[in-house]
Amino acid sequence: MNSSQSCLLLGLLYLMILIQQMWSAPRPSQPAKNLTNPMLRVGPDPWVEYKDGFYYYMNTTVTNLTLWKTRSMADLGSAPKKIVWTPPQTGPYSHDIWAPEIHFLEGKWYIYFAADAADNTTHRIFVLENSNPDPFQGRWEMKGKISDASDKWAIDASVFDDQGKLYMIWSGWEGDENGTQSIYIARLRNPWTVEGARTRISTPEYPWEKVGDVDPKVLPGNPPHIDVNEGPEVLKHGNRIFLTYSASACWTDYYALGMLTAVSGRDLLDPKSWTKSQQPVFRQSPAARVYAPGHNSFFKSPDGREWLVYHANSALGQGCGWHRAPRAQPVTWKSDGTPDFGKPVPAGVEIPLGTD
């Protein structure tokens, strides 16, 4: 064998080794194409934000702010997660960390959450800011409490933009005593500052919004009955704004979604701009073993469909605790342009997410 033949043989052997390595190397896993409920074993108050190919997910943990990051909501159960903020031991935002939402606004990341000073009457909304393009990295800076001048009890903040104007919506008390939670809206000067006064745009009025008797053994120190509108979220379609909210108390099996509708560009601070649905738009399904569905959010799948995300219990009487698990299902649209959330899909049913 001459030298040229030896070089050729060595070259062929090297090429074969490279090919073998290529085939034997672990390939990056492809995102799952079917979603199955529940997406996590537990996860109250689910929220989803999409940016640059990733879905960022949060839910209430009570003790910190945890962020999930995934390319597919079907893979949420195996997605990496990170505690991005832990509260101090004392102070106005040290306890009962509820309903966090992450938003990308004006080139930065913001997390809105409710917290208190170990006393529910002190619950207010707070904002963190992170300028890093990847919210898993960088430093989360406390921007402080976000409130209008009345500074009343407040939880469940969300923000949205309408025609260049930024708004915050939340659940709060009209006065200083528990008994009724209503939905409020206010303009924002920037992502951490309210501009002007709040406006109440919904308060419990229908029977399905007023299921809220309190068991003093379970919730001591509360009034005997609480009427609830909470967890407001916005879905846009065409020239209309659909604001879903959770009605009745979360500790009952009758927690359900109501909806307000407004036209984009109208004066959203005027209660008359909003029309309330007379019936729930999404409610429990004993046939599907889905109870107390509520505190929702929305995301889009790769094929452009809107999806409803919500938490629910899987049995009667499980209350407002750690049985609540996040679920999702697609939204369809009625001929009049309003959303159709359908009925809750049973656990274990594969739901195609669609592709680009």
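Nothing here was measured: the structure is a model prediction, and the numbers come from that model.

Draft legend 1. The overall build of the chain, seen in detail. Looking only at helices and strands, the chain has 1 helix and 23 strands in total. Expressed as lengths along the three principal axes of its C-alpha atoms, the size of the chain is roughly 95 × 45 × 45 Å. A total of 356 residues make up the chain; the buried ones form 50% of that total. By sequence separation, contacts in the chain at least 24 residues apart represent 51% of the contacts at least 6 residues apart. Carbon and sulfur atoms make up 53% of the accessible area of the chain, which totals about 16,900 Å². With 34 positive and 37 negative side-chain charges, the chain shows a separation of 4 Å between the mean positions of the two kinds.

Draft legend 2. Geometry of the nonpolar core. One finds Leu65, Leu67, Ile102, Ile111, Phe113, Leu128 and Trp140 to be the most contacted residues of the largest nonpolar core, which totals 18 residues. Listed by contribution, the elements that provide at least two residues to this core are β3 (54-58), β4 (65-70), β5 (81-85), β6 (95-105), β7 (108-116) and β8 (124-130). With 4 residues, the top contributor of residues to this core is β7. In this structure Leu65 touches Met58, Lys82, Ile83, Val84, Trp85, Ile97, Pro100, Ile111, Phe113 and Leu128, once residues within four positions along its chain are discounted. Judged by nonpolar contacts, the second largest core, of 17 residues, contains Leu40, Val48, Tyr57 and Ala328.

Draft legend 3. Molecular detail of the sheet that holds strand β20 (residues 325-330). As summarised here, the arrangement of the 3 strands in space is β18-β19-β20, forming an open sheet in which the pairing is antiparallel. Two strands in the sheet have a free side with no partner beyond their single neighbour: β18 (291-300) and β20. Mean inter-strand twist for the sheet, computed between neighbouring axes without regard to direction, equals 30°. Bridge count between β18 and strand β19 (residues 306-313): 6 bridges; the pairing is antiparallel. Bridge pairing in β19 places Gly294 opposite His311.

Draft legend 4. Quick look at the environment of Ala249. Turning to its location among the elements, Ala249 is positioned in the loop between β15 (240-247) and β16 (256-263). Exposure remark for Ala249: the relative accessible area of 0% places this residue in the buried category. Sequence separation between Ala249 and Arg71 is 178 residues, and the spatial gap between their C-alpha atoms is 34 Å. Among all residues touching Ala249, those that are not within four sequence positions of it are Val211, Gly212, Val228 and Tyr255.

Draft legend 5. Seen up close, unusual backbone geometry. In this chain, Asn37 is followed by Pro38 through a cis amide linkage whose omega measures -10°. Mapped onto the elements of the fold, Pro38 is located in the loop between β1 (34-36) and β2 (47-51). Of note in this structure, Asp52 is not a glycine but carries a positive phi near 50°. Inspection of the secondary structure puts Asp52 in the loop between β2 and β3. Judged by its relative accessible area of 58%, Asp52 falls in the exposed class. Unlike most non-glycine residues, Asp96 shows phi in positive territory, near 50°.

Draft legend 6. Structural context of the packing of aromatic side chains. Inspection of every chain in the model, using the stated rule, returns 19 aromatic pairs. On the basis of an interplanar angle of 65° and a centroid distance of 5.1 Å, the ring pair of Tyr56 and Trp109 is categorised as edge-to-face. Of this pair, Tyr56 sits in strand β3 while Trp109 sits in strand β7, and the two are 53 residues apart along the sequence. Here Tyr56 and Trp109 have matching classes, each one buried. Centre to centre, the rings of Phe242 and Trp333 are 6.1 Å apart; their planes meet at 45°, and the pair counts as tilted. One end of the pair, Phe242, is in strand β15; the other, Trp333, is in strand β21 (residues 332-333), and 91 residues separate them in sequence. Joined through ring pairs, the aromatic side chains of Tyr50, Tyr55, Phe299 and Trp307 make up one cluster. Between Lys51 and the ring centre of Phe104, over which it is positioned, the NZ or CZ distance is 4.3 Å.

Draft legend 7. Up close: the pattern of salt bridges. Under the criterion given, the structure shown has 14 salt bridges. Lys145 serves as the salt-bridge partner of Asp151, at 3.0 Å between the closest nitrogen and oxygen. Under the relative-accessibility criterion, Asp151 is labelled partly exposed at 26%. By relative accessible area, which is 42% here, Lys145 ends up partly exposed. With a closest N to O distance of 3.9 Å, Glu195 and Arg187 form a salt bridge. Accessibility expressed as a relative area gives 34% for Glu195, which makes it partly exposed. You can call Arg187 partly exposed: its relative accessible area is 22%. One network of salt bridges, in which partners are shared, links Arg124, Lys145 and Asp151.

Criteria and cut-off values
- In this convention, every chain numbers its residues from 1, walking through the sequence in written order.
- Residue-level local features of this predicted model are given only where pLDDT is at least 70; pairs of side-chain atoms are given and counted only at 80 or more, and the full residue set underlies all totals for whole chains, interfaces and linings.
- The side-chain numbers reported here are obtained from all heavy atoms of the structure, hydrogens and water having been left aside.
- Going along the chain from the N terminus, every DSSP run of H or I of four or more residues is numbered as a helix, and every run of E of two or more is numbered as a strand.
- In this scheme, a residue with accessible area under 20% of its type's maximum is buried, one over 50% is exposed, and one in between is partly exposed, where area comes from a 1.4 Å probe on protein chains only.
- Every residue pair with non-hydrogen atoms within 4.5 Å of one another is taken to be in contact.
- To be clear on the numbers: accessible area is Shrake-Rupley with a 1.4 Å probe, and residue cover counts the displayed protein chains and nothing else.
- We score Asp and Glu as negative and Lys and Arg as positive, and we do not count His or the chain ends.
- To locate a charge, take NZ of a lysine, CZ of an arginine, CG of an aspartate or CD of a glutamate.
- The term nonpolar core refers to a set of buried residues drawn from Ala, Val, Leu, Ile, Met, Phe, Trp, Tyr and Cys, joined through side-chain atoms within 4.5 Å.
- At least two bridges found by DSSP between two strands is the condition for calling them paired.
- The axes used here are C-alpha line fits, helices contributing only the stretch in contact, and every angle between their N-to-C directions lies in the interval 0 to 180 degrees.
- Pairing of aromatic rings covers Phe, Tyr and the six-membered ring of Trp, with a centre-to-centre limit of 6.5 Å; geometry is then stacked below 30 degrees between planes, edge-to-face above 60, and tilted otherwise.
- Think of it as a cone above the ring: NZ of Lys or CZ of Arg counts as a charge over the ring if it is within 6 Å of the ring centre and within 35 degrees of the ring normal.
- A pairing counts as a salt bridge when a side-chain nitrogen of Lys or Arg comes within 4 Å of a carboxyl oxygen of Asp or Glu.

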